[in-house]
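What the coordinates show
Spelled out, the chains give:
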Amino acid sequence: MTVYSEIGDLTPGQFHRFAQFIYARSNINLKEQKITLLSNRLRKRLMALNLKSFDEYFDLISGPGGKQELVHFLEVVTTNETYFWRTTANFTMLREEILPDLLRRFPGQKLQFWSAGCSTGEEPYNIAIELVEGMKRTGVFDFQIVATDLSARVLDFAREARYAGRKIDKIPEPVLRRYFRPDTEKAGYYRVRDDIRERVEFRLENLFETNRSGLHCIICRNVMIYFRREDQEVLVNRFYRALRPGGYLIVGHSESLHMLKTQFKPRNMKNGVSYFRDPDAIHQSVSPRDA
Ligand SMILES: C[S@@+](CC[C@H](N)C(=O)[O-])C[C@H]1O[C@@H](n2cnc3c(N)ncnc32)[C@H](O)[C@@H]1O
């Protein structure tokens with residue numbers, strides 16, 4: 001019988017093979033400091049599958065019969081940390097500054113938002129709540145949010161829309177009362193209100209393989225940090241093309257487009273920096289890597 005606690009960490013060579021494999025499938029750049037973390041997470045998969053070594057596991061996921069396990073593998077290597085009311089300045093900027101500008105530029109249109117790297121759904125639902133709240137000042141408008149992630153498990157969780165504990169701890173009490181309902185199926189859980197859930201469509205997509213277009217606003221927070229600089233540039237230029245001229249990109253508070261070659265115009269707003277696709281920009285090829 002295999003004693004899993006006795007399987008040591010990945011060797012640098014094994015780590016490198018897994019890291020390259022992860023990069024090829026997600027563009028996630030796993031740094032060598034993560035060797036223990038990855039070893040621990042993979043050990044759990046070995047145990048679940050009754051495998052004896054990391055090499056056996058690698059052969060499985062990289063072989064023809066590995067498709068099913070690949071889903072689990074990507075889940076153990078992605079970081080899905082998220083919660084409601086995370087970095088609210090982003091949402092205040094969206095509601096108070098970007099939204100009125102979008103309504104002015106695109107009167108009567110159904111506004112299209114994209115939560116890119118949405119994890120378990122808190123971010124897109126939070127955006128939907130902010131937009132509905134925004135209507136108190138702007139009047140009624142129509143909108144839709146598409147929310148995408150690489151991990152099937154987090155998307156299943158997101159579609160269920162049942163949350164508890166630290167995922168909802170930061171939600172102000174009146175908002176919780178208004179936009180959530182105590183879950184009748186799971187004690188201690190809250191479920192997002194039906195009309196808010198209906199605003200969000202979840203899709204399993206790799207950010208580097210989608211070709212969205214016609215968007216008014218993209219929110220991609222705490223995702224780009226996992227990518228190399230050159231891949232961040234590729235992604236940001238994809239975002240640029242996915243937006244309508246006059247649209248906005250919002251990134252996480254520890255992220256910036258500062259060092260990237262892009263046609264986005266940073267806009268200093270009261271609640272942070274947003275990135276604007278200027279309708280008056282003269283279009284040129286931004287980078288040889290903007291594929
Ligand atoms: C830390 S979470 C961020 C969640 C949310 N945006 C927030 O800020 O709270 C990062 C998410 O990005 C997803 N992700 C990473 N690489 C991706 C890729 N190439 N395509 C799609 N999603 C990806 C991960 O699966 C994970 O759920």
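Residues numbered from 1 in each chain as written. Predicted model: local features only at pLDDT ≥ 70, side-chain atom pairs only at ≥ 80, totals over all residues. Heavy atoms only, no water.

1. Focus on the overall build of the protein
Looking only at helices and strands, one finds 10 helices and 10 strands in the protein. Over its C-alpha trace the protein gives a radius of gyration of 21 Å, about what one expects of a compact globule, namely 19 Å for 291 residues. Expressed along its principal axes, the backbone C-alpha trace of the protein runs to roughly 65 × 55 × 30 Å. A total of 291 residues make up the protein; the buried ones form 53% of that total. As presented, the protein carries roughly 14,500 Å² of accessible surface, and 49% of it is formed by carbon and sulfur atoms. Here the protein carries 45 positive and 37 negative side-chain charges, and the mean point of each set is 3 Å from the other. (Helix = DSSP H or I, 4+ residues; strand = E, 2+ residues; numbered from the N terminus. Rg over C-alpha atoms; globule rule 2.2 N^0.38 Å. Buried < 20%, exposed > 50% of the residue type's maximum accessible area, 1.4 Å probe, protein only. Areas by Shrake-Rupley, 256 points an atom, 1.4 Å probe, with all protein chains shown as cover. Lys, Arg positive; Asp, Glu negative; His and termini not counted. Charge placed at Lys NZ, Arg CZ, Asp CG, Glu CD.)

2. Side note on unusual backbone geometry
Its identity is not glycine, yet Ala-161 carries a phi of approximately 60°, on the positive side. Assignment of secondary structure puts Ala-161 in the loop between α7 (152-160) and β3 (162-163). According to the relative accessible area criterion, Ala-161 is buried, its value standing at 0%. One non-glycine residue, Asn-222, lies in the positive phi region at around 60°. Along the chain, Asn-222 turns up in the loop between β7 (215-220) and α10 (229-242).

3. Details of helix α2 (residues 35-49)
For α2, with 15 residues, the first-to-last C-alpha span of 21 Å sits near the 21 Å given by 1.5 Å per residue. Listed as buried for α2 are Ile-35, Leu-38, Ser-39, Leu-42, Arg-43, Arg-45 and Leu-46. Angularly, the buried residues of α2 cover 165° about the axis, an arc narrow enough to put them on a single face. Exposed side of α2, more than 90 degrees from the buried face: Lys-44 and Ala-48 are the residues found there. The inward-facing, buried residues of α2 abut α1 (12-26), α3 (54-62) and α4 (67-77). (Expected span 1.5 Å × (residues − 1). Arc of directions from axis to C-beta. Contact = heavy atoms within 4.5 Å.)

4. Let's talk about the site of the ligand
Around the ligand, a shell composed of 22 residues is seen, among which Asn-80, Thr-82, Arg-86, Asp-149 and Asn-222 lie nearest. Note that a nitrogen atom of the ligand is positioned 2.9 Å from one of the backbone N or O atoms of Ser-26. Contacts to the ligand include Leu-150, whose backbone N or O atom sits 3.3 Å from a nitrogen atom. Burial of the ligand by the protein amounts to 99% of the accessible area it has alone, namely 600 Å². Across the shell around the ligand, the residue classes tally to 7 nonpolar, 9 polar and 6 charged. (Near = heavy atom within 4 Å. Polar contact = N/O pair within 3.5 Å; in protein donor to acceptor, adjacent residues only side chain to side chain. Nonpolar A, V, L, I, M, F, W, Y, C, P; charged D, E, K, R; others polar.)

5. Describing the domain arrangement of the protein
Looking at the protein, the domain boundaries give domain 1 (4-77) and domain 2 (88-276). The C-alpha-based centres of domain 1 and domain 2 are spaced at 31 Å. Residue-level contacts link 9 residues of domain 1 with 10 residues of domain 2. In total, about 920 Å² of surface goes out of reach between domain 1 and domain 2, with carbon and sulfur atoms giving 50% of it. Counting across the domain 1 and domain 2 interface gives 1 salt bridge. Note that Glu-75 and Arg-153 form a salt bridge whose closest N and O atoms lie 3.7 Å from each other. (Domains from an automatic or database assignment. Buried area = accessible area lost by both parts, 1.4 Å probe. Salt bridge = Lys/Arg side-chain N within 4 Å of Asp/Glu carboxyl O.)

6. Some thoughts on the packing of α2 against α3
A pair of packed helices can be characterised by two numbers: the angle between their axes and the separation between those axes. Running from amino to carboxyl end, α2 crosses α3 at an angle of 75°, the nearest separation of the two axes being 10 Å. Classified by the angle their axes make, α2 and α3 are roughly perpendicular. For the pair formed by α2 and α3, the contact residues are Ser-39, Leu-42, Arg-43, Arg-45, Leu-46 and Leu-49 on the first element and Phe-54, Tyr-57 and Leu-60 on the second. A breakdown of the residues in the contact of α2 with α3 according to their chemical character gives 6 nonpolar, 1 polar and 2 charged. (Axes fitted to C-alpha atoms, helices over the stretch in contact; angles between N-to-C directions. Parallel < 35°, antiparallel > 145°, perpendicular 65-115°, else oblique.)

7. A short note on the environment of Leu-103
Of note, Leu-103 is situated in helix α5 (residues 88-105). Taking the C-alpha atoms as reference, Leu-103 lies 49 Å from Ser-39; in sequence the two are 64 residues apart. What Leu-103 contacts, discounting residues up to four positions off in sequence, is Leu-111, Thr-138 and Phe-141.

8. Focus: the packing of aromatic side chains
According to the stated counting rule, one finds 17 aromatic pairs in the structure shown. With 5.2 Å between their ring centres and 90° between their planes, Phe-18 and Phe-58 make a pair best called edge-to-face. Placement of the pair is Phe-18 in helix α1 and Phe-58 in helix α3, with a sequence separation of 40 residues. Phe-58 sits in the buried class, given a relative accessible area of 10%. The interplanar angle of 55° and the centroid separation of 6.1 Å between the aromatic rings of Tyr-57 and Phe-73 together place this pair among those described as tilted. (Phe/Tyr/Trp six-rings, centres within 6.5 Å; stacked < 30°, edge-to-face > 60°.)

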